Amino acid sequence: SDETISFESFSNSQLGGEPIGVMDSVMGGISRGSWISKSNLFFGETSLANNGGFASLRWRFPNMQNWSYAKGIYIKGLKHSNAQEHTFRIILKDATCERVRLANFKAVFANPDRADQPLLIPFSVFDQMEQMGNALMGSPSFNPMSVTEIGLMAIKPTVVGAFQLEFEEWGLYM
């Protein structure tokens, strides 16, 4: 299509600084993950031990974000481990999620078909609120007018063992 896409990258102040690590240790697991902000590098290891299997990073916004002017999230220069098998998740929380314990929206992503093009993840794919991976039936779709948190996740079954996810920049696309 001839449609022009514009990009607005996330700033460190918008993201609220360093992310919080949320690992499967909340349920007894031993997976781990780390973040190197200067190179946008998320790495670690997921383990199935003790019923675990995920590592995630969460950026909690200092102020609620209104992203209603955007179409979704983009990631430029995405490269990750084991490109044929590994898939990752983007996590979003809105004001409704804040009222439901451990609720969020997730979308699966992986390396784009063409490395020279940004990966575009439209808000429309965040259509099912989840609570600890289980769909919350009858819940509303993601509301881009009240965004409170964004995150990245490596999770079983596609990521078991060592992983690495790196990108040049990310943000909103219009």
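Structure report, in brief. (Residues numbered from 1 in each chain as written. Predicted model: local features only at pLDDT ≥ 70, side-chain atom pairs only at ≥ 80, totals over all residues. Heavy atoms only, no water.)

### Focus on the pattern of salt bridges
Here's step 1: Scanning all chains against the criterion turns up six salt bridges.
Here's step 2: The residue R58 makes a salt bridge to E149 at a minimum N-O spacing of 3.5 Å. Taken as a pair, R58 in strand β5 (residues 54-65) and E149 in strand β13 (residues 147-155) lie far apart in primary sequence, 91 residues in all. Note on accessibility: R58 and E149 belong to one class, buried. (Salt bridge = Lys/Arg side-chain N within 4 Å of Asp/Glu carboxyl O. Helix = DSSP H or I, 4+ residues; strand = E, 2+ residues; numbered from the N terminus. Buried < 20%, exposed > 50% of the residue type's maximum accessible area, 1.4 Å probe, protein only.)

### Regarding the nonpolar core
Here's step 1: Core analysis: the biggest nonpolar cluster contains 38 residues, and W67, I90, L92, F109, I150, L152 and W170 have the highest contact counts within it.
Here's step 2: When residues of this core are traced back to their parent elements, those giving at least two are β5, β6 (72-76), β8 (88-94), β9 (103-109), β10 (119-122), β13, β14 (161-166) and β15 (169-173).
Here's step 3: In this structure W170 touches S9, F10, L15, W59, Y74, I75, I90, I150 and L152, once residues within four positions along its chain are discounted. (Core = buried A, V, L, I, M, F, W, Y, C linked by side-chain atoms within 4.5 Å. Contact = heavy atoms within 4.5 Å.)

### Quick word on the side chain of K93
Here's step 1: You can see K93 is positioned in strand β8.
Here's step 2: Buried and unpaired, K93 has no salt bridge, with E149 as the nearest side chain of opposite charge at 4.4 Å.
Here's step 3: Residues contacting K93, with those up to four places away along its chain left out, are R60, E98, A103, N104, F142, S146, V147, T148 and E149. (Lys, Arg positive; Asp, Glu negative; His and termini not counted.)

### Here we look at the environment of F105
Here's step 1: Checked against the element boundaries, F105 lands in strand β9.
Here's step 2: Sequence-wise, F105 and G53 are 52 residues apart; in three dimensions their C-alpha atoms are separated by 18 Å.
Here's step 3: Leave out the neighbours within four places in its chain, and F105 touches I90, I91, L92, D94, C97, F126, D127, Q128, M129, P140, S141 and F142.

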